[in-house]
Amino acid sequence: MKVLLLDPSLFTGPYDASLNEGLVAAGVQPRWLTRPTRRGDRQEIPEQYVEAIFYKHVDDAAAFPKAVRTVVKGLAHLVGLGRMLGAVWRHRPEVIHVQWVVIPPVDLVVLWVLKRFCPIVLTVHDTVPFNGERISLLQNLGFHGPIKLASHVIVHTQAGRQALIRHGIDADKIAVIPHGPLKVHAVPEVGRPARDPRWTFVLFGELKPYKGIDLLIEAVGLLAPAIRAQIRVVIAGRERMDLAPLKQRIAELRLMDTIEFRPQRQSNQEMANLFDDTDTFVFPYRQIDASGVYFLVKSLNRWMIASRVGIFSEDLREGEQGTLIPLESPQALASAMEEAMASRRRPAPLPTSGTWLGIGESTKQIYGQAVSAHRARLQGSLG
């Protein structure tokens with residue numbers, strides 16, 4: 001089965017690569033349409049499966065003046081969609097599987113055209129657009145249009161499925177296929193400086209408002225000075241928000257010796273070193289369906305503290321694997337952090353929620369259903 005998969009901005013490169021592995025093992029012939037791999041980034045999906053047709057010369061939008069940046073990226077997206085139509089014509093796929101819709105009103109028109117020739121499967125990673133972060137009007141407008149258009153829809157959680165049903169999406173076309181485990185492609189360096197003796201809490205991943213960094217800062221501020229002296233907090237990942245107010249709040253609470261920012265993309269080696277130093281991972285998220293970071297660190301035998309939302313509420317085994325806390329509660333987060341530090345708890349290794357071969361086979365089954373329904377619709381229109 002030939003399938004074209006679409007992730008124009010490579011929003012979820014590690015997930016894409018693992019899904020690709022599962023699809024190949026399940027007997028699917030995948031072809032990914034993406035942007036080029038950025039300098040310094042790891043080539044996640046093997047090159048033989050990739051056509052880098054989006055944003056080929058303008059992916060680094062920061063190089064353009066701020067006033068024209070959005071326009072340049074928008075025009076580049078239109079060019080990419082044109083190239084995508086050419087790729088569909090060349091490869092004649094049986095299915096098109098969309099991982100991310102970038103500009104819904106524009107993408108919807110192209111997907112409507114393509115659906116006349118083959119079925120569209122859409123994975124909805126976030127049932128709330130970009131987890132509620134500030135995005136452009138074009139990105140927010142018509143978010144549910146492509147979901148309604150798609151032949152079949154894949155989500156990662158039951159909560160995500162129910163959210164789409166509440167928005168009027170046909171329940172019969174929504175399938176829940178769990179997120180699979182992700183890998184750290186490095187091991188901790190030998191001979192690096194001795195780790196900090198304090199109990200280390202880590203919030204990792206792209207730094208965005210929905211991840212509750214402000215809640216973590218307030219929680220640390222609520223801890224007694226004697227407790228704070230025994231911990232450190234590392235907040236690491238590519239900066240996707242203004243950190244100045246957060247740093248100001250850290251200064252106001254006199255937490256500079258406790259909280260450390262590493263506001264840049266972490267290399268695989270830096271990730272491996274940081275994870276080796278971590279005692280507890282924290283996820284004080286305001287909103288999430290599935291979290292790639294959670295599935296990256298889940299197998300590392302570290303205690304986790306997470307908001308009772310999305311994948312955390314469905315997958316994290318409370319009391320065995322970590323602690324679930326109410327949404328937007330610095331007090332509950334502070335209590336969970338103090339308890340984790342005092343008890344020094346380490347969970348036993350737990351099985352993952354799915355293998356990528358199983359995920360590939362489940363996804364292939366969705367493809368088969370989409371193809372059968374598409375053929376029946378065509379026969380009905382001819383008859």
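These lines cover the structure that appears in this document, whether it is placed above or below.

1. A closer look at the overall build of the chain
Piece 1. A tally of helices and strands in the chain yields 14 helices and 13 strands.
Piece 2. The C-alpha radius of gyration computed for the chain amounts to 22 Å, which stays within 12% of the reference 21 Å derived for 383 residues, consistent with globular compactness.
Piece 3. Taking the principal axes of its C-alpha atoms as reference, the chain extends roughly 75 × 45 × 45 Å.
Piece 4. A burial count over the chain gives 51% of its 383 residues as buried.
Piece 5. Counting only contacts in the chain whose residues sit at least 6 apart along the sequence, the fraction spanning at least 24 positions is 71%.
Piece 6. For the chain, the exposed surface amounts to about 17,600 Å²; the carbon and sulfur share of it is 54%.

2. Looking at the pattern of salt bridges
Piece 1. For the structure on display, the rule yields 21 salt bridges.
Piece 2. Between E51 and R90 there is a salt bridge; the shortest N-O distance is 2.7 Å. Of this pair, E51 sits in strand β3 (residues 50-52) while R90 sits in helix α2 (residues 66-91); the two residues are 39 residues apart in sequence, bridging distant segments of the chain.
Piece 3. Overall, R90 belongs to the exposed group, its relative accessible area being 53%.
Piece 4. With a shortest N-O distance of 3.4 Å, K208 and E206 are connected by a salt bridge.
Piece 5. The buried category is assigned to K208, whose relative accessible area is 16%.

3. Let's talk about the packing of aromatic side chains
Here a ring pair, both rings aromatic, is described through the centre-centre distance and the interplanar angle of the planes.
Piece 1. Enumeration according to the criterion identifies 12 aromatic pairs in this entry.
Piece 2. An angle of 80° between the planes, with centres 5.5 Å apart, marks the rings of F275 and F281 as edge-to-face. The burial state of F275 is the same as that of F281; both residues are buried.
Piece 3. Measuring from ring centre to ring centre gives 6.3 Å for F283 and Y294, while their planes differ by 80°; the resulting arrangement is edge-to-face. Here F283 is found in strand β11 (residues 280-283), whereas its partner Y294 is found in helix α11 (residues 292-297), with 11 residues between them in sequence.

4. What about the sheet that holds strand β7 (residues 174-176)?
Within a beta sheet, neighbouring strands are joined by backbone hydrogen bonds and run either parallel or antiparallel to one another.
Piece 1. Taken together, seven strands build an open sheet; the order of strands is β3-β2-β1-β4-β5-β6-β7 and the sheet is parallel. The open sheet terminates on both sides in strands that have one partner only, identified here as β3 and β7. On average, each strand axis in the sheet is inclined to that of its neighbour by 20°, with strand direction left out of account.
Piece 2. Contacts between helix α1 (residues 13-25) and the sheet are confined to β1 (2-7), β2 (29-34) and β4 (95-98), with β2 contributing the most and set at about 160° to the helix.
Piece 3. Sitting on the sheet, helix α6 (residues 158-166) is in contact with β6 (152-155) and β7, with an inclination near 165° to β7.

5. What to know about the pairing of strand β13 (residues 322-325)
Two faces make up the sheet, and in a regular strand the side chains alternate between them.
Piece 1. Inspection of the sheet shows strand β12 (residues 303-307) paired to β13 by four bridges, in the parallel sense. Bridge pairing in β13 places I305 opposite T323.
Piece 2. Considered for its hand, the β-α-β crossover made up of β12, helix α12 (residues 310-315) and β13 is right-handed.

6. Brief notes about the sheet that holds strand β9 (residues 231-236)
Piece 1. With parallel pairing, the six strands of this open sheet are ordered in space as β10-β9-β8-β11-β12-β13. Here the strands that pair on one side only, and so sit at the sheet edges, are β10 (259-262) and β13. Ignoring which end each strand starts from, the neighbouring axes of this sheet average 20° apart.
Piece 2. Here four bridges tie β9 to β10, and the two strands are oriented parallel to one another. By the bridge assignment, I235 is partnered in β10 with F261.
Piece 3. Sheet strands touched by helix α10 (residues 268-277): β8 (199-204), β9, β10 and β11. Its angle to β8, the strand with the most contacts, is close to 140°.

7. A closer look at unusual backbone geometry
With the exception of glycine, the majority of residues adopt a negative phi angle, and the majority of peptide bonds are in the trans configuration.
Piece 1. Of note, the phi angle at N301 is positive, near 60°, even though the residue is not glycine.
Piece 2. Position of N301 among the secondary structure elements: in the loop between α11 and β12.
Piece 3. For E328, which is not glycine, the phi dihedral falls at a positive 50°.
Piece 4. Following the sequence through the fold, E328 ends up in the loop between β13 and α13 (330-343).

8. A look at α1
Because an α-helix completes one turn every 3.6 residues, residues spaced three or four positions apart along the sequence face the same direction.
Piece 1. Under the 1.5 Å per step criterion, the end-to-end length of α1 is 18 Å for 13 residues, consistent within 8% with the ideal 18 Å.
Piece 2. Turning to α1, its buried residues number three or more, namely G13, Y15, D16, A17, S18, L19, N20, G22 and L23.
Piece 3. Phi turns positive one or two residues past the end of α1, at G27, with a value near 95°.

9. Focus: a nonpolar patch on the surface
Piece 1. On the surface, a nonpolar cluster with roughly 440 Å² of combined accessible area is contributed by V109, W112, V113 and F117.
Piece 2. Within the element layout of this structure, W112 appears in helix α3 (residues 104-115).

10. Some points on α3
Piece 1. Between the first and last C-alpha of α3 there are 15 Å, a value that for 12 residues agrees with the 16 Å anticipated at 1.5 Å per step.
Piece 2. For α3, every residue scored as buried is listed here: P104, D107, V110, L111 and L114. Buried positions in α3, seen along its axis, are confined to an arc of 130° and lie on one side of it.

11. Here we look at the nonpolar core
Piece 1. F204, F283 and F312 are the most contacted members of the largest nonpolar core, which has 47 residues in total.
Piece 2. Ranked by residue count, the leading element in this core is helix α14 (residues 356-382), at six residues.
Piece 3. Excluding residues that lie within four positions of it along the chain, F312 makes contacts with F283, Y285, I288, S291, Y294, A306, S307 and L324.
Piece 4. L6, Y55, M84 and L111 belong to the second-largest nonpolar core, a separate cluster that totals 33 residues.

Cut-offs and rules
- Residues numbered from 1 in each chain as written.
- Predicted model: local features only at pLDDT ≥ 70, side-chain atom pairs only at ≥ 80, totals over all residues.
- Heavy atoms only, no water.
- Helix = DSSP H or I, 4+ residues; strand = E, 2+ residues; numbered from the N terminus.
- Rg over C-alpha atoms; globule rule 2.2 N^0.38 Å.
- Buried < 20%, exposed > 50% of the residue type's maximum accessible area, 1.4 Å probe, protein only.
- Contact = heavy atoms within 4.5 Å.
- Areas by Shrake-Rupley, 256 points an atom, 1.4 Å probe, with all protein chains shown as cover.
- Salt bridge = Lys/Arg side-chain N within 4 Å of Asp/Glu carboxyl O.
- Phe/Tyr/Trp six-rings, centres within 6.5 Å; stacked < 30°, edge-to-face > 60°.
- Pairing = 2+ DSSP bridges.
- Axes fitted to C-alpha atoms, helices over the stretch in contact; angles between N-to-C directions.
- Right-handed = clockwise from strand over helix to strand, strands pointing away.
- Expected span 1.5 Å × (residues − 1).
- Patch = residues over 30% accessible without salt bridge, like charges linked within 9 Å, V, L, I, M, F, W, Y side chains within 5 Å.
- Arc of directions from axis to C-beta.
- Core = buried A, V, L, I, M, F, W, Y, C linked by side-chain atoms within 4.5 Å.

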